[in-house]
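Listed here are the chains, written in short residue letters.
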Amino acid sequence: MHDVLRRTNAIVTASYKPDLERCRLLCETVDRYVTGHSHHYILVASEDVALFRQLEGPQRTVVDEHDLLPSWLRSFPDPLSRFRKRVWLSVRTMPLRGWHVQQLRRIAIAHHVGEEALVYCDSDVAFLRPFDCRSLWDGGDLRLFRRDGALADEGLDDQRLWASNAGKILGLSAQPRNDYIATVIAWRRDAAVTMCQRIEQVTGRHWVAGIASNRHFSECMIYGRYADEVLEGQGHFHASNELCRVYWTGPALSDETFREFVAAMSPDQVAIGMQSFIGTDVGRIRRLIEA
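Residues numbered from 1 in each chain as written. Predicted model: local features only at pLDDT ≥ 70, side-chain atom pairs only at ≥ 80, totals over all residues. Heavy atoms only, no water.

(A) Here's a closer look at the sheet that holds strand 13 (residues 236-239). Taking strand neighbours across the sheet as the criterion, the three strands line up as 10-11-13 in an open arrangement whose pairing is mixed. Where the open sheet ends on each side, the last strands, each with one partner, are strand 10 (137-138) and strand 13. (Pairing = 2+ DSSP bridges. Helix = DSSP H or I, 4+ residues; strand = E, 2+ residues; numbered from the N terminus.)

(B) Quick look at empty space enclosed by the protein. With the rule as written, the count across this model stands at two cavities of 30 Å³ or more. What the largest cavity holds in volume is close to 70 Å³. Counting residues per element, the ones that place at least two in the lining of the largest cavity are helix 2 (20-33), strand 8 (125-127), strand 15 (271-274) and helix 10 (282-290). Among the residues forming the lining of the largest cavity, the class breakdown is seven nonpolar, one polar and two charged. Estimates place the volume of the second largest cavity at around 50 Å³. Around the second largest cavity, the lining residues are Leu 144, Phe 145, Tyr 180, Ile 185, Ala 186, Trp 187, Cys 220, Tyr 223 and Gly 224. At the level of secondary structure, the elements contributing two or more residues to the lining of the second largest cavity comprise strand 11 (141-145), strand 12 (185-188) and helix 8 (219-230). Each residue belonging to the lining of the second largest cavity can be placed in one class, and the counts come to eight nonpolar, one polar and no charged. (1 Å grid on protein atoms, 1.4 Å probe; cavity = no way out; pocket = protein on both sides within 12 Å on 5 of 7 lines; lining within 4 Å. Points joined across faces, edges and corners; volume = space filled by probe spheres on them. Nonpolar A, V, L, I, M, F, W, Y, C, P; charged D, E, K, R; others polar.)

(C) Expanded view of the layout of surface pockets. In this model, the second largest pocket occupies a volume close to 170 Å³. Lining the second largest pocket, in full, are Ser 46, Glu 47, Glu 65, His 66, Leu 69, Pro 70, Ser 71, Leu 73, Arg 74 and Ser 75. Its residues placed into classes, the lining of the second largest pocket shows three nonpolar, four polar and three charged.

(D) The arrangement of the pattern of salt bridges in detail. Per the counting criterion, the structure on display carries 20 salt bridges. Its salt-bridge partner being Arg 7, residue Glu 116 comes within 2.8 Å of it at the nearest N-O pair. Taken as a pair, Glu 116 in the loop between helix 4 (98-108) and strand 7 (117-120) and Arg 7 in the loop between helix 1 (2-6) and strand 1 (9-14) lie far apart in primary sequence, 109 residues in all. Exposure remark for Glu 116: the relative accessible area of 28% places this residue in the partly exposed category. Of the charged contacts, one joins Asp 228 and Arg 146 as a salt bridge, the two residues approaching to 2.8 Å between their closest N and O atoms. (Salt bridge = Lys/Arg side-chain N within 4 Å of Asp/Glu carboxyl O. Buried < 20%, exposed > 50% of the residue type's maximum accessible area, 1.4 Å probe, protein only.)

What follows is the structure in structure tokens.
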């Protein structure tokens, strides 16, 4: 127990301008319910830094992607979206969208902070129950979310592709079996750093270029396969229960269906996630969870 209490943890959130109010709600619920962490880092594109500064506090910092990613990866207004969105371009990578670069930021932060565990929370997450980040440790081992054998299931073509591509940049030949994608998960910072070194050794390129030479990637799959198949699980223990109940797809929730969704949380779930594209208004979410 004493060893767990000494472990240092940080919460990490990658966000962007349209999710500002959802990120604000996340911050409010983190401050209300979450303990056992030393800092909360919010990772955003350079043009969003000034907007997100309002969320900063003694234990919360907004981090500019310019300070995380190599200078040769730059963002530009995207003419294909009538300049409403941005595209990240480089001669070393495929053209990247915001969701690609958010994943790269999540990996890159490991090179810039000192906490031992990085607890990733998307900006559309809200905590509804007390959660101690130190509970993710078992002595010197950190919780690694894993659905054993899940990639054999129907309807997971994207996950299988992401897992296969992760194997290529990690130099793994085994057929991928497990799914590592969830919301509210933790990585060892030291493992994330050595993962990048492994990618550079295998690909002969900067780790960002190695990952982003293909647009079909998942940072969760890369880390999961690295932890299990390169590190052989060292420093980790496995868990398959999701800490966050997520509403992935479907119509916007009414007050009644929202309450039903929350009521269906399992006893060990501490947060909910409302995907922003489903259209449930963040003001409604705030009103309902505060009620």
